[in-house]
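If you want the building blocks of each chain, they are given just below.
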Amino acid sequence: MADDRMARLRERLGGVAFGGDYNPEQWDPAVWREDVELMRRAGVNLVTVGVFAWASLEAEPGVFTFDWLDEVLDLLHSGGIAVDLATPTMAPPVWLSHGHPEVLPVREDGQRFGFGNRLHYDPASPRYREAAARITDAIAARYAQHPSVAMWHLSNEYGPVSWGGASAAAFRDWLRERYGDLEALNDAWYTRFWGQRYTAWEQVEPPEVPRSWSNPTRRLDFLRFASDVLLECFTTERDIVRRYSELPITTNFMRFYRRADYWRWAQEEDVVALDIYPNPGEADSRVAAALNFDLMRSLKGGPWVLMEQAASAVSQWPVNNVKRPGMMRAGSYQAIAHGADTVLFFQWRASRGGHERFHSAMLPHSGTRSRTWREIEALGGELGRIAEVTGATSRADVALVFDWNAWWGLMETHGLPRNDFDYAELETSWYRPLLEAHLAVDLASFESALDGYRCVLVPNAYLVTDAFAQRLARFAEAGGTVVIGFFSGVVDERNQVLQPAYPGAFRQLIGAYIDEYWPARAGESFGVRFASGEEAVADWWQESIELETGAALAEFRNGLLAGRPAVVENRVGEGRVVYVGTRLEASALATLLLDTAHAAGVASVVADAPAQVEATMRSKGGADYLFLINHSETDAAAVRLPRAGVDLLTGAAVSGTLELEPLGVAVVRCG
Ligand code: GAL
């Protein structure tokens, strides 16, 4: 169903979707006309309308004003521009917040979050849900058949969490559902420690202040609940819209967003969508962007929507650098290279006031006499050349495990041997060498099927499910290669240490046990020598590893663990498992991961290209499209093409070595 809906949308748009958030309620009707004219000039074919329009559509409870939106949608339609129509439920009007303060979320410190921001709702509040359902229903009923509407954008960046009020009650219901009875909860939460045993459901509350020494399983369950309760807001709106419309329904995800398990969310949507704001002041930000793009593609295993990016600067950091000439174009193709079929921005026209008045826009404050506009117009004019790429998918031999339960266990509960883990950073540090060596990577969750991959990488899975541990073991036994990072396989889903320790889940797999985890002292580093003779430096973390069936692939050279294993290799069935028991310096980690992947038969997309060039392949109906993006702002790059073909952007036949100018892009249909 979802695939059919997306196929129809692709057919309707006839190529890459180009456009952005359009907030006409901020402007006079005369401006709307100019907007549509300029959108046409820029090649815009899809805009998201209504994200923040609740107060303009329902100024008083139950009293709707739709005339202005009717006019805007008619205008857009007459200009040939399709609409991704939003429900405005992220930003409730003042009558709701002031009339019913219980809809406001309570922060972790017990303070109520006030009106005058956005995301000021408690997702569990029945009053909020009722109001959100009413406006959703009214919009869907009125516009489902409007010819401009092409897809639905529910709310915006679902994210609020409330630690009090309705959420506290909903948390208890969620726990009842999960555990059935209180004894099971007491067991799961290990409440015999510190005498935390509950004797009635009413006693169970959300964990309050961050970093306090509270029960780690309570914290973990609250995170699971927070994701689920928000997802209920999404599915409630989705079901309402679906009663009126068969068009695709989505919402926009955020980069490395901890509070929503996007694997679960993606199953409820027709298509996955992402907002991404890489910091143009940080050369490296493209690596995390690529990882997020691959994650989006993997969530549903297909093309996704780049819902928002900045045309140039954002306004959310202490210093907001511009995207220099060419960066916006390169970043847009980067998303397409990793599976996006859209290039959309926040926002179409720069706002004159409000918090984001300096956030860049497709149409900046200086209008069409601006560099950004010229770059937008050029990109909009060019995207038609790669229309045939839409719908193309990609395949990878490497799966990188990225799972929200693993993340929550590691970062959101306390009392670990060290409490400054950064899951996203760990994942990025393993992903970077793969990206720079041009290997195709899928992301996988604990639930993902692993067959079909040659190599599965688990940078960290402190918390692990039985089912995943078993699937990983079967994958290795059947000939797969697995690499596991330190402090993995330690606890079960209840955050309880698996026995026999450590790592209870992976002990047989890695062929060793860990007597103790040894976080490094401040400033401490260690020499490591690989069996190959190569030397490296490690820091931050050590483990005292006792070999069982495994062998040392590398040993510590100095310190109290000198001569003891730092990296272990184990043969399991037909497969190979490598366990990395320390934090290796980046170059050594890269060598280890790439050597292991290559030994498993993983091939690069291009054999010979500099690290600053991104290379991916998308395929459709027998055609292979090679994307090459040179992220260097200063250096040209030469890439040896695996096959001859045609660069769709220039129309030129290409073969042998292709030269990319700084920030240059090529999309080669391989012959
Ligand atoms: C997103 C959000 C947009 C806008 C944008 C730029 O997070 O969905 O509404 O705020 O960031 O900051």
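A. Representation of the domain arrangement of the protein in the model. Examined at the domain level, the protein breaks down into domain 1 (2–166 + 211–389), domain 2 (398–599) and domain 3 (613–670). Placing a centre on the C-alpha atoms of domain 1 and another on those of domain 2 gives a separation of 36 Å. Contacts between the two partners involve 27 residues from domain 1 and, on the opposite side, 29 residues from domain 2. Summed over both sides, the interface between domain 1 and domain 2 buries roughly 2,700 Å², with carbon and sulfur atoms accounting for 61% of that surface. The largest share of the area that domain 1 buries against domain 2 comes from R258, W263 and L291, three residues that together contribute 25% of it. Counting across the domain 1 and domain 2 interface gives 3 salt bridges.

B. Structural view of the pattern of salt bridges. Taken as a whole and assessed by the stated rule, the structure comprises 45 salt bridges. With a shortest N-O distance of 2.6 Å, R242 and D270 are connected by a salt bridge. Taken together, the positions of R242 in helix α9 (residues 216–244) and D270 in the loop between α10 (262–266) and β7 (273–275) put the pair 28 residues apart, joining distant regions of the chain. In this structure, R640 and D608 form a salt bridge, with 3.7 Å as the shortest nitrogen-oxygen distance. Taken together, the positions of R640 in strand β24 (residues 637–640) and D608 in the loop between α18 (586–599) and β22 (613–620) put the pair 32 residues apart, joining distant regions of the chain. Look at D608 and you get partly exposed, because its relative accessible area is 42%. Each of R5, R242, E246 and D270 takes part in one network of salt bridges that share partners.

C. Here's a closer look at the packing of aromatic side chains. The full count for this structure, using the stated rule, is 43 aromatic pairs. Where W404 meets W407, the ring centres are 5.6 Å apart and the plane angle is 45°; that geometry is what we call tilted. Of this pair, W404 and W407 both sit in helix α14 (residues 404–411), 3 residues apart, which is roughly one turn of that helix. You can call W404 buried: its relative accessible area is 1%. Taken together, the ring pairs in this structure connect Y158, F234, F253, F256, Y257, Y262, W265, F402, W404, W407 and Y423 into an aromatic cluster. In this arrangement the basic side chain of R349 is found over the ring face of W27, its NZ or CZ atom lying 5.3 Å from the centre. Positioned above the aromatic ring of W540, the side-chain terminus of R418 is 3.9 Å from the ring centre.

D. Structural context of the site of the ligand. The environment of the ligand is formed by F52, R118, N156, E157, D275, Y277, E308, Q316, F346, E356 and H359. A distance of 2.8 Å separates an oxygen atom of the ligand from a polar side-chain atom of E308. Between the ligand and E356 there is a distance of 2.5 Å, counted from an oxygen atom to a side-chain nitrogen or oxygen. Burial of the ligand by the protein amounts to 94% of the accessible area it has alone, namely 300 Å². When atoms are counted within 2 Å of each cavity's grid points, the one that captures over half of the ligand is the largest pocket. Its residues assigned to classes, the shell around the ligand shows 3 nonpolar, 3 polar and 5 charged.

Cut-offs applied
- Residues numbered from 1 in each chain as written.
- Predicted model: local features only at pLDDT ≥ 70, side-chain atom pairs only at ≥ 80, totals over all residues.
- Heavy atoms only, no water.
- Domains from an automatic or database assignment.
- Contact = heavy atoms within 4.5 Å.
- Buried area = accessible area lost by both parts, 1.4 Å probe.
- Salt bridge = Lys/Arg side-chain N within 4 Å of Asp/Glu carboxyl O.
- Helix = DSSP H or I, 4+ residues; strand = E, 2+ residues; numbered from the N terminus.
- Buried < 20%, exposed > 50% of the residue type's maximum accessible area, 1.4 Å probe, protein only.
- Phe/Tyr/Trp six-rings, centres within 6.5 Å; stacked < 30°, edge-to-face > 60°.
- Lys NZ or Arg CZ within 6 Å of the ring centre and 35° of its normal.
- Near = heavy atom within 4 Å.
- Polar contact = N/O pair within 3.5 Å; in protein donor to acceptor, adjacent residues only side chain to side chain.
- Areas by Shrake-Rupley, 256 points an atom, 1.4 Å probe, with all protein chains shown as cover.
- 1 Å grid on protein atoms, 1.4 Å probe; cavity = no way out; pocket = protein on both sides within 12 Å on 5 of 7 lines; lining within 4 Å.
- Sits in = over half its atoms within 2 Å of the grid points.
- Nonpolar A, V, L, I, M, F, W, Y, C, P; charged D, E, K, R; others polar.

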